[in-house]
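As a plain string of letters, each chain reads:
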Amino acid sequence: MPDDDWGFPELWDEYQWERFLQEQDQKTDRYFSLFEKYAEHPDRDEIIAREMGWNSGMHEDADEATTDCWAEAADDFESSADDELDDEELSDDPEDESAFSALENSEIYLQSMELNRRVYQIIEKSESLRNHPLGIELATRASICSAKMAAALCGDDFSEMGMTIAYLKRSLKAANDCLSAAAKLHESGLLLMSDNSAFTDVLFPIRERLVDLMGEYRAELRRRRGE
């Protein structure tokens, strides 16, 4: 991130962070495309490193970059079939523990976990939903909504406000996609009215709170930038 004229890091807004995240998404998509194409090739790692613009002469660099891509992609592709989160081991870093504690005590994040639980219950009891593309879309987007929300809320008061807003927008988009999938399933008769209500009762407050949070963070970002 570049410095401003005073030597301090530039405070990016949400649009700069969105462009950055989109670039990372493109790199991740390209990596997986290359990985699928050269999966059985004996020189797979070297070819992928060269195509990605990494230093193909250093195998360790390629392995490290590969690991980074997997870690980055994992953020987007939480398991759609199993939304019950395992207890994660906390590091000894007090900041990590503080971030995890903040999520545990965040009402909207807990609501997103409840959303995932209800979606899981709805899909598990219907084989037609488990095998339907819209059912998979519903579960996947519910998981992404929670994952992006966690990325936004796990920081502290000194975190990048623009990045927080960008992740909240991605969480909101996933929530809207989730709602769209549920509506289509309901219209097709695959989602009962009672199940649809149980789902939307949790989703609507999440969407409203996400919009409110983005407004609050935008106001704080303008204040910090002296606007």
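Calculation rules
Residues numbered from 1 in each chain as written. Predicted model: local features only at pLDDT ≥ 70, side-chain atom pairs only at ≥ 80, totals over all residues. Heavy atoms only, no water. Phe/Tyr/Trp six-rings, centres within 6.5 Å; stacked < 30°, edge-to-face > 60°. Helix = DSSP H or I, 4+ residues; strand = E, 2+ residues; numbered from the N terminus. Buried < 20%, exposed > 50% of the residue type's maximum accessible area, 1.4 Å probe, protein only. Core = buried A, V, L, I, M, F, W, Y, C linked by side-chain atoms within 4.5 Å. Contact = heavy atoms within 4.5 Å. Axes fitted to C-alpha atoms, helices over the stretch in contact; angles between N-to-C directions. Parallel < 35°, antiparallel > 145°, perpendicular 65-115°, else oblique. Left-handed = near helix turned anticlockwise from the far one by under 90°. Nonpolar A, V, L, I, M, F, W, Y, C, P; charged D, E, K, R; others polar.

## Overview of the packing of aromatic side chains
Consideration 1: Tallying each qualifying case throughout the model produces one aromatic pair.
Consideration 2: Both rings, one in tryptophan 17 and one in phenylalanine 20, keep their centres 5.5 Å apart while their planes meet at 90°; by these two values the pair is edge-to-face. Here the residue tryptophan 17 and the residue phenylalanine 20 both occupy positions in helix 1 (residues 14-37), the gap between them amounting to three residues, near one helical turn.
Consideration 3: Exposure remark for tryptophan 17: the relative accessible area of 9% places this residue in the buried category.
Consideration 4: Residue classification places phenylalanine 20 among the partly exposed residues on the basis of a relative accessible area of 31%.

## With respect to the nonpolar core
Consideration 1: Among the nonpolar cores identified, the biggest contains 42 residues, and Leu115, Val119, Leu138, Met149, Leu153, Phe199 and Ile206 are the most heavily contacted of them.
Consideration 2: Looking at this core, the elements that each hand over two or more residues are helix 1, helix 5 (107-124), helix 7 (133-153), helix 8 (161-187) and helix 9 (193-224).
Consideration 3: Discounting residues that sit within four places of it in the chain, leucine 115 has contacts with Ala142, Phe199, Val202, Leu203 and Ile206.
Consideration 4: Counting six residues, the second-largest nonpolar core is a separate cluster that includes Tyr31, Leu34, Tyr38 and Met52.

## A short note on the packing of helix 7 against helix 8
Consideration 1: Taken N-terminus to C-terminus, the directions of helix 7 and helix 8 make an angle of 160°; their axes are 8 Å apart at the nearest point. The pairing of helix 7 with helix 8 is recorded here as roughly antiparallel in orientation. Our pair here, helix 7 against helix 8, has a crossing hand that is left-handed.
Consideration 2: Looking at side-chain class alone, the contact of helix 7 with helix 8 contains 17 nonpolar, three polar and six charged residues.

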